[in-house]
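Here's the letter readout for the chains.
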Amino acid sequence: MTKTPAPETIDNAIAAFRLAGIPRSVNPHGNGHINDTYLVICDDAGNEKKYILQRMNHSIFRNPQALMENVAGVTSYLQEKIRERNGDPDRETLSVIKTKDGKNYFEDSLHNFWRFFPFIEDTYCLEKVENAGDFYDCAQAFGSFQRQLADYPAETLHETIPLFHHTPSRFQTFQKAVREDPLGRADSVREEINFALAREADTHVLTDLLEKGELPLRVTHNDTKLNNILFDAVTKKALCIIDLDTVMPGLSLYDFGDAIRTGANTGAEDETDLSKIGLDLSLFETFTAGFLTGCAGSLTPLEIELLPMGAKLMTYECGIRFLADYLVGDVYFKIHKEHHNLDRARTQFKLVADMEAKWEEMAEIVRRLSR
Ligand code: ADP
Ligand code: GN1
Ligand code: MG
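Structural notes, computed from the coordinates. Not measured: the values here are computed from a predicted model.

Criteria and thresholds
- Residues numbered from 1 in each chain as written.
- Chains lettered and ligands numbered in written order.
- Predicted model: local features only at pLDDT ≥ 70, side-chain atom pairs only at ≥ 80, totals over all residues.
- Heavy atoms only, no water.
- Helix = DSSP H or I, 4+ residues; strand = E, 2+ residues; numbered from the N terminus.
- Rg over C-alpha atoms; globule rule 2.2 N^0.38 Å.
- Buried < 20%, exposed > 50% of the residue type's maximum accessible area, 1.4 Å probe, protein only.
- Contact = heavy atoms within 4.5 Å.
- Areas by Shrake-Rupley, 256 points an atom, 1.4 Å probe, with all protein chains shown as cover.
- Lys, Arg positive; Asp, Glu negative; His and termini not counted.
- Charge placed at Lys NZ, Arg CZ, Asp CG, Glu CD.
- Donors = N, O, S within 2.8 Å, 3.2 Å for Na, K, Ca; no water.
- Near = heavy atom within 4 Å.
- Polar contact = N/O pair within 3.5 Å; in protein donor to acceptor, adjacent residues only side chain to side chain.
- Nonpolar A, V, L, I, M, F, W, Y, C, P; charged D, E, K, R; others polar.

Looking now at the overall build of the chain. A tally of regular secondary structure across the chain gives 13 helices and 10 strands. The C-alpha radius of gyration computed for the chain amounts to 21 Å, which stays within 12% of the reference 21 Å derived for 371 residues, consistent with globular compactness. Overall, the C-alpha framework of the chain stretches about 60 × 50 × 40 Å when taken along its three principal axes. Going through the 371 residues of the chain one by one, you find that 56% of them count as buried. For the chain, the share of sequence-separated contacts (at least 6 apart) that also reach a separation of at least 24 residues comes to 73%. Here the chain displays about 16,400 Å² of accessible surface, and carbon together with sulfur accounts for 51% of that area. Here the chain carries 41 positive and 58 negative side-chain charges, and the mean point of each set is 1 Å from the other.

What follows is the structure in structure tokens.
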């Protein structure tokens, strides 16, 4: 992908879609690490109409067409479920806007891939948990997202990023980055590298159980960070789960773990003062309770027992992904300052260490809530 698309490239993309009104402004929007997201405001006979335009990151998502088939399939399926329970399908899930020639994405002459969603009005998303109630809601929403997709035809889903949460493969990629060390950065981060290497045995705990058939493969979101959920500005309730690019078969523990990694951390993902980073046990408990309710009895006893492991492994995996990206020159995650990925890796490892220190308490919380 080229760095920032030229304004005429963006205009060209906008012109390809069926929108209501005349586009008046286009501005970068949100804090995602992967796609380029813009808020497009149109004037529709005096009324403002807002849209989300995204340039998909096709160096990460190698097959944008397959990805959009997943997103279109999952969103229309969810819309149907929402209609059945008399909800609002225009607000409780995304919908894909078609191009003028009826496709759900547009490829321009520079091989950029673009898509449009209606902007869901009167919503906000959280970068940090502000109160426990929000986090409980979020947990319930992610749990019920998974439950709603339980009978989705999983065989029709394309694997948009192969081995996305296969931690042993992530570990191999990390080892390769350390070995090759193309920027000569490894010596300056030995402590972090050693922290990661010392935990190799953990990397295959979940995948081993999956391979042995002891953990069920489900349709999961796989990127359940806090800012991938929109809250309703009026009711303050979790409204809509977004960022559906990685909806694929996966483990429930991935969705649980990634949300704990982002929401139950006492500090931000890129906090440089590591004394601010730790696991908030009370938020861990809140999220666990909400997730169990959202999953409505669908988790197996082994899945429940392994919830702390899901939290630790997703945090660890994200840490080795950030550190590997730092070592190879920041080619995957968007960075906004020098060493950003290193800062991010450090918070993840600090959080892993804190989870290890609080392991028994985490296990006890899960036991208590599942009795
Ligand atoms: P990325 O994959 O880069 O994380 P996202 O799809 O998560 O991209 O979008 C980035 C941000 O844009 C979200 O965190 C959210 O703030 C905002 N956003 C995305 N889609 C919508 C939408 N349909 N309505 C309102 N806000 C949205
Ligand atoms: C990315 O797209 P975004 O910002 O919601 C990444 C996740 C990481 C996360 C770390 C497709 O999520 O896997 O956990 O950054 N998404 C992809 O913040 O790689
Ligand atoms: Mg996102």
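Still to come is the rest of the account.
Here we take up the coordination of the magnesium ion (ligand 3). Protein coordination at the magnesium ion (ligand 3): the donors are Asn 228 (OD1) and Asp 243 (OD), at 2.2 Å from the metal. Taken together, the positions of Asn 228 in the loop between strand E7 (218-220) and strand E8 (229-232) and Asp 243 in the loop between strand E9 (238-241) and strand E10 (248-250) put the pair 15 residues apart, joining distant regions of the chain. Taking relative accessible area as the criterion, Asp 243 reaches 25% and is therefore assigned partly exposed.

Here we take up the site of ligand 1. Surveying the vicinity of ligand 1 reveals 19 residues, the closest of which are Asn 35, Gln 54, Ile 120, Asn 227 and Asn 228. Contact between ligand 1 and Pro 118: a nitrogen atom at 3.1 Å from a main-chain N or O atom of the residue. In the environment of ligand 1, an oxygen atom lies 2.9 Å from a nitrogen or oxygen atom belonging to the backbone of Asn 227. Tallied by class, residues from the shell around ligand 1 come to 9 nonpolar, 9 polar and 1 charged.

Around ligand 2, the surrounding shell holds 19 residues, and the nearest of these are His 33, Lys 225, Glu 269, Arg 321 and Tyr 332. Arg 321 places a side-chain nitrogen or oxygen 2.8 Å from an oxygen atom of ligand 2. One nitrogen or oxygen atom from the side chain of Tyr 332 is found 2.5 Å from an oxygen atom belonging to ligand 2. Protein contacts shield 98% of the accessible area of ligand 2, which totals 440 Å² for the unbound molecule. Within the residue set of the shell around ligand 2, elements represented by two or more residues are helix H8 (252-263) and helix H11 (307-328). Broken down by element, the shell around ligand 2 gets its largest block of residues, 3 residues, from H11. Here the residues of the shell around ligand 2 are counted per class, giving 8 nonpolar, 4 polar and 7 charged.

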